[in-house]
Amino acid sequence: MGGKKVYKVAIITGVIGLILILSVIVSQSSAPNMFFRIVAPLGIILTFTSVVLLGASWLLYIKDSIKKNDYIKATIIAILGLLIIIKAFIKYL
């Protein structure tokens, strides 16, 4: 599966997950409600899956850039990605 396909699947799963979470918020359901117990974990799982798939698409994009011998583009993408990850870790320290 190419990076673009993985990216599209990631966006779709993320949107569906956020819609499910938003539907729980709008319906004002709480823990004993069956709607909350089914839809909330499903929305969280889909959103988390989307984040993982976005990371995979980023790595596939770097791999494709290396295959095309576009090392400058691959290096820039890798450095920007690492800066984002480092910034997130520093934020929580």
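Residues numbered from 1 in each chain as written. Predicted model: local features only at pLDDT ≥ 70, side-chain atom pairs only at ≥ 80, totals over all residues. Heavy atoms only, no water.

Caption draft 1: Representation of a positive patch on the surface. On the surface, a cluster of positive charge is made up of Lys4, Lys5, Lys8, Lys68 and Lys73. With three residues, helix H1 (residues 3-27) is the largest single contributor of residues to the positive patch. Within the secondary structure, Lys73 is located in helix H3 (residues 71-91). (Patch = residues over 30% accessible without salt bridge, like charges linked within 9 Å, V, L, I, M, F, W, Y side chains within 5 Å. Areas by Shrake-Rupley, 256 points an atom, 1.4 Å probe, with all protein chains shown as cover. Salt bridge = Lys/Arg side-chain N within 4 Å of Asp/Glu carboxyl O. Lys, Arg positive; Asp, Glu negative; His and termini not counted. Charge placed at Lys NZ, Arg CZ, Asp CG, Glu CD. Helix = DSSP H or I, 4+ residues; strand = E, 2+ residues; numbered from the N terminus.)

Caption draft 2: Looking closely at the environment of Val6. Relative to the helices and strands, Val6 is located in helix H1. For the pair Val6 and Lys68, spaced 62 residues apart in the sequence, the C-alpha separation amounts to 19 Å.

Caption draft 3: Seen up close, a nonpolar patch on the surface. Side chains of Tyr7, Ile11, Val15, Ile19 and Leu54 sit close together on the surface and give an oily, nonpolar patch of about 430 Å² of accessible area. The greatest single-element share of the nonpolar patch, amounting to four residues, is contributed by H1. The residue Tyr7 is located in helix H1 in this model.

Caption draft 4: Structural view of unusual backbone geometry. The backbone phi angle of Gln28 is positive, close to 55°, even though this residue is not glycine. Summarising the element assignment, Gln28 is placed in the loop between H1 and helix H2 (34-67). Here the phi dihedral of Asn69 falls at roughly 60°; this positive angle occurs in a residue that is not glycine. Counting through the fold element by element, Asn69 comes out in the loop between H2 and H3.

Caption draft 5: Expanded view of the side chain of Ser65. Here Ser65 lies in helix H2. Once residues lying within four places of it in the same chain are set aside, the contact partners of Ser65 are Asp70, Lys73, Ala74 and Ile77. (Contact = heavy atoms within 4.5 Å.)

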